[in-house]
Structures are given as structure tokens and as C-alpha cells.
Amino acid sequence: MGLKRKDILAIAEMEKEEIELILQTAESFKEVSTREIKKVPTLRGKTVVNLFFEPSTRTRTSFELAAKRLSADVINISTSSSSVVKGETLLDTARNIEAMQSDIIILRHASSGAPYILARALRSAVINAGDGSHEHPSQGLLDLYTIKEKKGGIQGLKVVIVGDVLHSRVARSDIHGLKKLGAEVHLAGPPTMIPLGIEQWGVKVHYRLEEAIAGADVIILLRLQLERQGKGYLPTLREYAQLYGLNSKRVALANNGVLVMHPGPINRGVEVTPEVADGLSSVILEQVTNGVAVRMALLYLLSGEKS
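Not measured: the values here are computed from a predicted model. (Residues numbered from 1 in each chain as written. Predicted model: local features only at pLDDT ≥ 70, side-chain atom pairs only at ≥ 80, totals over all residues. Heavy atoms only, no water.)

1. Things to note about the packing of aromatic side chains
Here comes step 1: Tallied over the full model, the rule gives two aromatic pairs.
Here comes step 2: Relative to Y300, the ring of F29 lies with its centre 5.4 Å away and its plane at 70°, an arrangement referred to as edge-to-face. Taken together, the positions of F29 in helix 1 (residues 16–30) and Y300 in helix 12 (residues 284–302) put the pair 271 residues apart, joining distant regions of the chain. Assigned by exposure class, F29 and Y300 land together as buried.
Here comes step 3: The ring of F63 carries the charged tip of R295 above its face, separated from the ring centre by 5.0 Å. (Phe/Tyr/Trp six-rings, centres within 6.5 Å; stacked < 30°, edge-to-face > 60°. Helix = DSSP H or I, 4+ residues; strand = E, 2+ residues; numbered from the N terminus. Buried < 20%, exposed > 50% of the residue type's maximum accessible area, 1.4 Å probe, protein only. Lys NZ or Arg CZ within 6 Å of the ring centre and 35° of its normal.)

Pasting the structure below:
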């Protein structure tokens, strides 16, 4: 069974059933990565293009691994090596790639909405690998998968998202996905980093971390996106760490068995102390492992392969 849609652009657009299908499919693919030969012939003959206009190690590598484990041909294109530096538009670049018979294009772009331009114009399936501060659906899905795997379900859990929500596409994808699957979502961070009116999304906002994480089942830490922030969002990193950094004392306020998550890369000693990042509550490395399985599921379901 495939998805009803051609593209994966945002979790906000997805039905609960579609999300559940992706998570279920990812579960069956996770086993492939534990085999001695980590390959299945599912997408043999298909071409997957990683088109990245922003630097990324984790997401690009994860999609590349996912495609290779499904036996697809993979082409990586980054802005610095593409004709974009010569003035070619995003759409022209993508049309040229499609003319080479690409089946799936994975796009990361600094402008919110860029994947929609491609999805409307191209026959190839398009996966949004992060657009501006809009969404990062595959990261949101792997976060949901990790929580479901560890907790057995998502309905009724108290999930707290901490940090720079304003600039975070991960936070937006997480909020939409968690709400659709029945979690109770709380946000915590400095007032300058919480979007105005976000309560209309059905979330609860806190400006004190201790208050937010009392009784939490899951704590999702966000990276401070210093490259996007400009000035005036927070006085110093040291002050942020004092007020919003997750340490052992604060983790103790949450429920037993709390999960600590982070999309990476981590600013150690700022968003989280090393003992928490590497501690028993942390599932940060498992998120990376699960990311490959979730992205294999997306590629498989979009390829139109029938099971």
C-alpha cells in the first residue's frame, strides 16, 4: 500500500492514518539495518536525488543511506557544486535533474515554501528535507517513531519542546505530528523565541523550564539556531544555559522513564549538559538510527511500489 500523495511536504497536511502507515512501514524496514548485508532490492532501477541548498550532514547522509539500502541510485547535489552559483534558478535546476529521469527529489532549502514550487512543477516525487523555518517532516516522523517505539504509543503523553521554537522547522513538524497522534504538547523557552499566538495550535506555553517539564514523559530539546537568529533573541549563551539548559536536576522533575531527545547537532553545555546527553534518558543516537528506517519508509511509499 502506498501513500495517497505524490510528495511529502509537511506533517500539517497529513492525515493521522498516513502518519501511522509511515511509522508502521518504518518498523518493517528497521530490521534491514541490523542485517549483515544491509540491502534490499526494493528500489532497484529508481533514481533518488539529494538537492541540498543548505549545509547538512545528518539529514543528507540519512537519506543517502536509506536510498542505498533500498538499492536505488543516488545523486548528491549541493549548491556550491551546482549551476545555482552561476545564476540558475531552483526550478531550472530541478527541471534539468528531472530530465535525467529522477524518480524522487529530496530538497533542503533556506526559503520556506521552496519544495511546493518543485512539487507543483515536476512529475518526480518531492520530499521536503527542511525549508526555511516552515517544516522538516522526516525529522518530525522519526521523532514520532522513536517516541512510539520507546513508549508503546503517543496518545496522552506529555511532551515538552524546549528552546528556539521561533526558528525551528523541527518544532513545527513535531507539534503537528504529536497533536494528530493525541499527545499533550507543551513549549518552553525565552519569550523572544516563542512565536506569538502559537497557543492557537493547541499547545501550552511556559517561560520557566522547571514548570514545563514537571511530569513530562518526553523532552525534545531544540538546537539554538544562532545562524538564523540575528541579535536580540537572548543575552548570552551562558544565561540561556542557566535558564533553559537541561541538567540532571531538571530531568529529575520529569516522570520516571522520561525520554530526552534532540534533532542534533547538540550545543553541549548550552541546550543540555554532557551527562544528560549521554545518560540513560537520552535517545538521541537512537533517533539517528530510526531516521534511516523512517526515510526508507518514505522513499518506498512514494516510489509507488506495491507490497
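2. Quick look at the sheet that holds strand 1 (residues 47–52)
Here comes step 1: The strand order across the open sheet built from four strands is 2-1-3-4, with neighbouring strands paired in parallel fashion. Only two strands of the sheet have a single neighbouring strand rather than two, namely strand 2 (73–78) and strand 4 (125–131). This sheet shows a mean twist of 15° between the axes of neighbouring strands, independent of strand direction.
Here comes step 2: As paired strands, strand 1 and strand 2 are joined by six bridges and run parallel to one another. Paired with N50 across the two strands is N76, which belongs to strand 2. (Pairing = 2+ DSSP bridges. Axes fitted to C-alpha atoms, helices over the stretch in contact; angles between N-to-C directions.)

3. So, the domain arrangement of the protein chain
Here comes step 1: Split into domains, the protein chain comes out as domain 1 (7–135 + 291–303) and domain 2 (137–287).
Here comes step 2: Taking only C-alpha atoms, the centre of domain 1 and the centre of domain 2 are 25 Å apart.
Here comes step 3: Residue-level contacts link 30 residues of domain 1 with 25 residues of domain 2.
Here comes step 4: Summing both partners gives a buried area of about 2200 Å² for domain 1 against domain 2, and 63% of it is carried by carbon and sulfur.
Here comes step 5: Considering only the surface of domain 1 that becomes buried against domain 2, I11, L23 and E135 emerge as the three largest contributors, covering 26% of it.
Here comes step 6: Remark: the boundary between domain 1 and domain 2 carries two salt bridges.
Here comes step 7: For E54, the salt bridge is made with R169, and the minimal N-O distance between the two is 3.0 Å.
Here comes step 8: Every element with two or more residues in the side of domain 1 that touches domain 2 is listed here: helix 1, helix 2 (58–69), strand 3 (104–109), strand 4 and helix 12. (Domains from an automatic or database assignment. Contact = heavy atoms within 4.5 Å. Buried area = accessible area lost by both parts, 1.4 Å probe. Salt bridge = Lys/Arg side-chain N within 4 Å of Asp/Glu carboxyl O.)

4. Considering the pattern of salt bridges
Here comes step 1: Taken as a whole, this structure holds 13 salt bridges when the rule is applied.
Here comes step 2: The shortest N-O distance in the salt bridge between K30 and E149 comes to 2.7 Å. With a gap of 119 residues between them, K30 in helix 1 and E149 in helix 5 (residues 137–151) connect regions that are remote in the sequence.
Here comes step 3: Taking relative accessible area as the criterion, E149 reaches 36% and is therefore assigned partly exposed.
Here comes step 4: Taken together, the shared-partner salt bridges connect R5, E13 and E18 into one network.

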